[in-house]
Amino acid sequence: RVVATYRRDAALVAAALIGLVPSFSNVFIYGEFPQLMAMVLLLWEWRLARQGRMAWAGFIVGLIVLTHVFFALVGLLLFCYYWGRNRDWNGIGDTGTTNPDWKSLIGLLVALPWLPAYGRIVQNALSGGWENVRYNATQPVFGFWPWGTIKDWLFGMHGLTIVLFVLAGYGFFKTKDKVLRGVFLLSVAFTVFHIPFTQLKIYDFLALPVVMLAAIGIVSV
């Protein structure tokens, strides 16, 4: 549905491509079902925000906060961008939709019950009590991954595959949307360059803009 807001004829193509992305198997193999649900909710939020329905988008962001830490951050960033874009600074939003006003933020209240848990996560991360803190101590703190690892992730048989990546590159130049382009570029950059706590999550997230852009690329061809 979110792809249809870019090109309606690309929506079914994107839905078909989702089943062909090997990296999604990682989510199932490791039993990361909260992450998978957060990714689905993120796409739902993205569509609502593009349609200017910011109150509902805020509600979905609240659900994402209850679901997964990393995608809560992504969802909040997307929400802030579209909320600012649609905000009625001069009587009407940039997208031409009626101003959602500050009432759009009410939906975020659904996340309030989970804020103490986020506080404990921060506390455990700073104290070294979080398992991910100990695991990431053995990984590159900041730096580029070896080329062999990058190649397997982006172009390997169990990665995003070279065909999808080429199609996504073509779709990148066929769409003018800055958000979709930016999400793709940032996801690629932080898949290649290691950021502690986020590596595989960003790689999984990269599959979303790749599928969206590849579908746009296919219908453009």
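Details of the structure are given in the entry above.
Residues numbered from 1 in each chain as written. Predicted model: local features only at pLDDT ≥ 70, side-chain atom pairs only at ≥ 80, totals over all residues. Heavy atoms only, no water.

Caption draft 1: Summary view of the layout of surface pockets. A volume near 270 Å³ is recorded for the second largest pocket. Arg-1, Val-2, Val-3, Ile-18 and Leu-43 are the residues nearest the centre of the second largest pocket, which is lined by 15 residues in total. Of all the elements in the fold, those that place two or more residues in the lining of the second largest pocket are helix H1 (11–18), helix H3 (33–50) and helix H11 (199–220). For the lining of the second largest pocket, the element with the most residues is H1, which contributes five residues. (1 Å grid on protein atoms, 1.4 Å probe; cavity = no way out; pocket = protein on both sides within 12 Å on 5 of 7 lines; lining within 4 Å. Points joined across faces, edges and corners; volume = space filled by probe spheres on them. Helix = DSSP H or I, 4+ residues; strand = E, 2+ residues; numbered from the N terminus.)

Caption draft 2: Structural detail: the side chain of Thr-175. Note that Thr-175 resides in the loop between helix H9 (162–174) and helix H10 (178–192). Using a relative accessible area of 8% as the deciding quantity, one classes Thr-175 as buried. The contacts of Thr-175, once residues within four sequence positions are left out, are Tyr-6, Leu-180, Arg-181, Leu-213 and Ile-216. (Buried < 20%, exposed > 50% of the residue type's maximum accessible area, 1.4 Å probe, protein only. Contact = heavy atoms within 4.5 Å.)

Caption draft 3: Quick peek at the nonpolar core. Judged by nonpolar contacts, the single largest core of 59 residues is most densely connected at Trp-46, Leu-160 and Phe-184. Of all elements in the fold, only H1, H3, helix H4 (54–67), helix H5 (69–86), helix H8 (147–155), H9, H10 and H11 reach the threshold of two or more residues within this core. If one sorts the elements of this core by residue count, H11 sits on top with 13 residues. Residues within four places of Phe-184 in sequence aside, it is in contact with Phe-165, Ala-168, Phe-172, Leu-206, Pro-209, Val-210 and Leu-213. (Core = buried A, V, L, I, M, F, W, Y, C linked by side-chain atoms within 4.5 Å.)

Caption draft 4: Just the environment of Ala-168, in detail. With respect to the helices and strands, Ala-168 occurs in helix H9. The sequence separation of Ala-168 and Ala-214 amounts to 46 residues, and the corresponding C-alpha distance is 3.9 Å. Among residues more than four places away in sequence, those in contact with Ala-168 are Phe-184, Val-210, Leu-213 and Ala-214.

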